[in-house]
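What follows is the residue order along each chain.
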Amino acid sequence: MVTLDAVLGDITRQDVDAIVNAANTRMRGGGGVDGAIHRAGGPDVLRDCVARFPDGLAVGDAGWTTAGRLSARWVIHTVGPNHAAGQRDRSLLVSCYRRTLEVADELAARTIAFPLISAGIYGWPRRDAIAAAVDTILAAPTRVGEARIVAFGPDAYDEVRERLSAAGV
Ligand code: AR6
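Residues numbered from 1 in each chain as written. Predicted model: local features only at pLDDT ≥ 70, side-chain atom pairs only at ≥ 80, totals over all residues. Heavy atoms only, no water.

> Run through the overall build of the protein chain, naming residues and quoting values.
Regarding its fold elements, the protein chain presents 5 helices and 6 strands. Mapped in sequence order, the helices and strands of the protein chain form the string β-β-α-α-β-β-α-β-α-β-α. Expected size for 169 residues packed as a compact globule is a radius of gyration near 15 Å; at 14 Å, the protein chain falls within 12% of this value. Projected onto the principal axes, the alpha-carbon positions of the protein chain cover approximately 40 × 35 × 30 Å. (Helix = DSSP H or I, 4+ residues; strand = E, 2+ residues; numbered from the N terminus. Rg over C-alpha atoms; globule rule 2.2 N^0.38 Å.)

Right, dumping it as structure tokens:
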């Protein structure tokens, strides 16, 4: 079973096998976590996105690229539903975590760091985004040994810790 932890900080600074990106369907970069990962990883990340995903990715799906200059080996990009634009199907958010862990298993990644997918620019209510993240990661049949949710601020961090406690972690 996967060990799940909460971390307060910047996802690009995590020392893990795979870092998860909250991308969009075009997969050509953006703001938030996506911008931070492309800036820190350098141009190889975008080059690999273009080469491996000429048509981008569907909402709820995930796919990997190199992590470029990041200390991680891979970036696993996933596309959350855009709540702010009316995409309210929670199963798509759950699917992001499931599919990301499936991709991590294909890569034989053992450690992974997730941001709170859809909880920023895409406007998913944070407490529910946290519940979806914690519950889905804990229930996933994965060979990943250690997962962490990286919270970008102290309030989000406290809320992730609360949900972990409620889940018995
Ligand atoms: N490290 C960890 N968490 C972060 C960081 C960071 N460096 N930066 C932001 N967060 P968002 P989304 C938090 O907006 O809602 C992009 O333009 C942030 O506080 O990155 O899925 C993409 O290209 C929030 O809790 O992702 C898409 O178009 C969480 O990460 C769109 O935004 C996710 O915020 C995706 O929106």
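So much for the structure itself; the text now carries on.
> Just give me the short version of the site of the ligand, but keep the residues and values in it.
As a matter of local geometry, the ligand sits amid 21 residues, with Asn24, Gly31, Val33, Asp34 and Ile121 nearest to it. Asn24 places a polar side-chain atom, nitrogen or oxygen, 2.8 Å from an oxygen atom of the ligand. In the model, an oxygen atom of the ligand is placed 2.7 Å from a nitrogen or oxygen of the Gly31 main chain. Relative to its unbound accessible surface of 700 Å², the ligand loses 89% to contact with the protein. Mapped onto the shell around the ligand, the elements with two or more residues apiece are β2 (18-23) and α1 (32-41). For the shell around the ligand, a count of residues per class yields 11 nonpolar, 8 polar and 2 charged. (Near = heavy atom within 4 Å. Polar contact = N/O pair within 3.5 Å; in protein donor to acceptor, adjacent residues only side chain to side chain. Areas by Shrake-Rupley, 256 points an atom, 1.4 Å probe, with all protein chains shown as cover. Nonpolar A, V, L, I, M, F, W, Y, C, P; charged D, E, K, R; others polar.)

> Tell me about the packing of aromatic side chains, and please be specific about residues and values.
Aromatic rings in a pair are described by how distant their centres are and how their planes are angled relative to each other. Taken as a whole and judged by the stated rule, the model has 1 aromatic pair. Aromatic side chains Tyr97 and Phe114 sit 5.3 Å apart centroid to centroid with 40° between the ring planes, which places their arrangement in the tilted category. In this pair, Tyr97 sits in helix α3 (residues 90-107) while Phe114 sits in strand β5 (residues 111-114), placing the two residues 17 residues apart along the sequence. A single burial state applies to Tyr97 and to Phe114, both of which are buried. Sitting over the face of the ring of Trp64, Arg52 holds its NZ or CZ atom 3.8 Å from the ring centroid. (Phe/Tyr/Trp six-rings, centres within 6.5 Å; stacked < 30°, edge-to-face > 60°. Buried < 20%, exposed > 50% of the residue type's maximum accessible area, 1.4 Å probe, protein only. Lys NZ or Arg CZ within 6 Å of the ring centre and 35° of its normal.)

> Mind laying out the environment of Ala129, listing which residues take part and the relevant values?
Position of Ala129 among the secondary structure elements: in helix α4 (residues 126-139). Residue Ala129 is classed as buried on the basis of its relative accessible area of 0%. In sequence terms Ala129 and Ser118 are 11 residues apart; their C-alpha atoms lie 7.2 Å from each other. Every residue in contact with Ala129, bar those within four places of it in the chain, is listed here: Leu93, Tyr97, Leu116, Ile117, Ala119 and Trp124. (Contact = heavy atoms within 4.5 Å.)

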